[in-house]
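# Coordinates in review
Here is what each chain is made of, one letter per residue.
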Amino acid sequence: MTSNHTDCHYCLQSLRGRKYALREENAYCVTCYDSLFANSCEECKQPIECDSKDLAYKGRHWHEGCFKCAKCSRSLVEKPFAAKDELLLCTECYSDEYSSKCFHCQKTIMPGSRKMEFKGSSWHESCFVCQYCRQPLGTKPLITKDNENYCVPCFEKQFAHHCYSCKKVITSGGVTYHDQPWHKECFVCAGCKTQLSGQRFISKDEYPYCVDCFSKLYANKCAACKKPITALGGAKFVSFEERQWHGECFNCVKCSVSLVGQGFLTQQDDVLCHKCGSA
């Protein structure tokens with residue numbers, strides 16, 4: 001351009017009728033301006049003269065003709081591009097070399113598009129959906145089964161067990177009783193309602209009972225000590241004419257010798273060994 005500036009601020013030669021460039025309100029002839037201030041092109045390493053277009057990216061500069069893909073050499077002027085290890089690449093070349101493939105559709109996830117990552121794999125946002133309802137999962141809680149992702153409501157609807165007692169979903173743990181799932185807190189004694197998970201219990205008419213309740217409600221009483229006979233833990237008992245005894249209680253009423261496996265005699269409600277019964 002030409003102006004009313006008279007001399008170059010650096011070489012002091014007259015600028016009358018000549019092109020010049022301004023910097024901080026000082027005028028320079030083109031030669032001085034290029035030698036003092038022109039940026040070096042990243043591609044060709046030559047100065048970018050003041051009458052050339054200077055394209056800049058992250059502090060680096062290129063001639064317009066040098067601003068191109070490092071792999072396919074197509075111009076990147078006014079086109080989307082990506083940088084990798086200080087190289088500029090068009091989106092197609094970058095995708096071929098570096099972009100992730102969607103776990104669902106196996107297509108490239110293009111630079112600039114939103115990518116969802118889960119368990120070391122990547123998805124297009126539109127592919128990262130619940131397998132059942134097909135709604136986007138985004139950052140919602142999810143559950144994976146057989147390499148498929150489900151939102152929590154759909155997983156519970158399709159796969160989760162429901163407690164036999166309260167009918168609500170069992171999200172973790174639980175107890176199986178008569179092939180039915182129960183919450184631990186729902187698996188209680190049918191008598192006193194004490195939780196039975198991890199405890200000894202006895203079944204009666206498909207209901208579980210703690211040992212104490214079962215003994216009080218259903219167990220036969222020992223004819224000798226009158227305490228319940230539960231037979232828990234493999235304990236032995238003796239039965240005779242609708243009466244039962246603990247193994248350790250089945251003794252001669254007179255001499256107290258054990259009658260288990262031995263012959264015995266009866267006298268009204270008493271049992272006696274042969275020696276005492278014959279006396």
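Residues numbered from 1 in each chain as written. Predicted model: local features only at pLDDT ≥ 70, side-chain atom pairs only at ≥ 80, totals over all residues. Heavy atoms only, no water.

### Re the domain arrangement of the protein chain
Entries for the protein chain in the domain assignment read domain 1 (20-96), domain 2 (98-159), domain 3 (161-218) and domain 4 (236-278). Inter-centroid distance (C-alpha atoms) of domain 1 to domain 2 is 40 Å. Between domain 1 and domain 2, the contact holds 6 residues from the first and 6 residues from the second. The largest per-residue losses of area from domain 1 upon contact with domain 2 belong to Lys84, Tyr94 and Ser95, which jointly make up 69% of the total buried on that side. Across the domain 1-domain 2 interface, the total number found is 0 salt bridges. Counting every contact that joins domain 1 to domain 2 gives 0 residue pairs in polar contact (both at pLDDT 80 or more). Residues belonging to the side of domain 1 that touches domain 2 are distributed by class as follows: 2 nonpolar, 2 polar and 2 charged. (Domains from an automatic or database assignment. Contact = heavy atoms within 4.5 Å. Buried area = accessible area lost by both parts, 1.4 Å probe. Salt bridge = Lys/Arg side-chain N within 4 Å of Asp/Glu carboxyl O. Polar contact = N/O pair within 3.5 Å; in protein donor to acceptor, adjacent residues only side chain to side chain. Nonpolar A, V, L, I, M, F, W, Y, C, P; charged D, E, K, R; others polar.)

### Side note on the packing of aromatic side chains
Counting across every chain of the model gives 20 aromatic pairs. An angle of 55 degrees between the planes, with centres 5.3 Å apart, marks the rings of Tyr33 and Phe37 as tilted. Of this pair, Tyr33 and Phe37 both sit in helix H1 (residues 30-37), 4 residues apart, roughly one helical turn. Linked through ring pairs, Tyr164, Tyr177, Trp182, Phe187 and Phe201 together constitute an aromatic cluster. In this arrangement the basic side chain of Lys167 is found over the ring face of Tyr164, its NZ or CZ atom lying 4.9 Å from the centre. (Phe/Tyr/Trp six-rings, centres within 6.5 Å; stacked < 30°, edge-to-face > 60°. Helix = DSSP H or I, 4+ residues; strand = E, 2+ residues; numbered from the N terminus. Lys NZ or Arg CZ within 6 Å of the ring centre and 35° of its normal.)

### Here we look at the environment of Lys216
With respect to the helices and strands, Lys216 occurs in helix H4 (residues 211-217). In this structure Lys216 comes out as exposed when scored by relative accessible area, which is 68%. Expressed as a C-alpha distance, the spacing of Lys216 and Trp62, which sit 154 residues apart in the sequence, is 94 Å. (Buried < 20%, exposed > 50% of the residue type's maximum accessible area, 1.4 Å probe, protein only.)

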